[in-house]
Amino acid sequence: MRHSGRRRWSGPRNHRGYVLLKVDTVEDNTWASQPDAARRLGVSLARLGMLIANGRMTPAHNSAGRAGVTIVSVEAEETWRANATILAKIARLLKDTISWF
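Residues numbered from 1 in each chain as written. Predicted model: local features only at pLDDT ≥ 70, side-chain atom pairs only at ≥ 80, totals over all residues. Heavy atoms only, no water.

*Asks:* Looking at this structure, I do not really get the environment of G68. What am I missing?
*Replies:* Relative to the assigned elements, G68 resides in strand β4 (residues 67–70). Remark: the alpha-carbon pair of G68 and S33, spanning 35 residues in sequence, is separated by 4.2 Å. Not counting the four nearest positions on each side in its chain, G68 is found in contact with W31, A32, S33, Q34, T58, P59 and A60. (Helix = DSSP H or I, 4+ residues; strand = E, 2+ residues; numbered from the N terminus. Contact = heavy atoms within 4.5 Å.)

This is the structure we're talking about:
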C-alpha cells in the first residue's frame, strides 16, 4: 500500500523528457538532410554525426521538423576538406578524438 504523504522522486513518465541539443528550424532551401550531407561530403552517417557532435557542422531542422544540417556548414566543410593540408587534417583528427574523452 502506498503512503499518501510519501514524496515521489520522479514525475509522471510523460513529463520526464528533455532536449539534449538546441536545434534551430531553418528554411528548406538552407537545409540538407543528414544522408544528403554525408553523401555530398563523401563520409558515413556516423562520421557526419561526429562532425555535428564536435561542432564542425551546424545541426538544423527543416520546416517539417526533420533533422539535418545547414547548407552553409556543408559548404564550409567541403571548402575546408579541399584546402586543408595533411597536417591540418591530422591535427583536427587529434583534437576531435581528445574532445571525446
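Continuing now.
*Asks:* It is not clear to me how the pairing of β4 should be interpreted in this structure. Could you clarify?
*Replies:* For a regular strand, side-chain orientation follows a simple rule: the groups alternate between the two sheet faces. Pairing of strand β2 (residues 31–33) with β4 involves three bridges; the strand directions are antiparallel. Paired with W31 across the two strands is T70, which belongs to β4. Between the antiparallel neighbours strand β3 (residues 59–61) and β4 lie five residues, among them G65 with a positive phi of about 90°. (Pairing = 2+ DSSP bridges.)

*Asks:* How do you make sense of the pattern of salt bridges when you look at a structure like this?
*Replies:* Any two side chains of opposite charge can pair, on the condition that their charged atoms come close. One pass over the full model with this rule turns up six salt bridges. The partner of E78 in a salt bridge is R40, and the shortest N-O contact between them spans 3.0 Å. With a gap of 38 residues between them, E78 in helix α3 (residues 71–83) and R40 in helix α1 (residues 34–41) connect regions that are remote in the sequence. Ionic pairing is found between R81 and E77, a salt bridge with its closest N-O pair at 2.9 Å. Residue R81 and its partner E77 are located together in helix α3, separated by four residues, close to a single helical turn. On the accessibility criterion, R81 (26% relative accessible area) is partly exposed. A single salt-bridge network, built from bridges that share partners, covers R40, E75 and E78. (Salt bridge = Lys/Arg side-chain N within 4 Å of Asp/Glu carboxyl O. Buried < 20%, exposed > 50% of the residue type's maximum accessible area, 1.4 Å probe, protein only.)

*Asks:* Mind showing me how you'd approach the environment of L41 here?
*Replies:* Its place among the elements puts L41 in helix α1. For the pair formed by L41 and E77, sequence separation is 36 residues and the distance between their alpha carbons is 7.8 Å.

*Asks:* Just to check I follow, could you spell out the packing of aromatic side chains for this structure?
*Replies:* Between two aromatic rings, the relevant description is the distance of the centres plus the angle of the planes. Counting across every chain of the model gives zero aromatic pairs. Seen from the ring of W80, R92 lies directly overhead, with NZ or CZ sitting 3.8 Å from the centre. (Phe/Tyr/Trp six-rings, centres within 6.5 Å; stacked < 30°, edge-to-face > 60°. Lys NZ or Arg CZ within 6 Å of the ring centre and 35° of its normal.)

*Asks:* I would appreciate a short explanation of the side chain of E77 in the present structure.
*Replies:* Overall, the relative accessible area of 2% leaves E77 in the buried class. Beyond its immediate sequence surroundings of up to four residues, E77 is in contact with L41, L51, R56, M57 and R92.

*Asks:* Sorry if this is basic, but what is going on with the nonpolar core here?
*Replies:* What tends to happen in soluble globular proteins is that the nonpolar side chains get buried as a cluster. A37, A38, L41, V43, L48, L51, I52, M57, V69 and V74 form the largest nonpolar core, which has ten residues in total. The set of elements that each furnish at least two residues to this core consists of α1 and α2 (45–53). The residues contacting A37, other than those within four sequence positions of it, are L48, V69 and V74. (Core = buried A, V, L, I, M, F, W, Y, C linked by side-chain atoms within 4.5 Å.)

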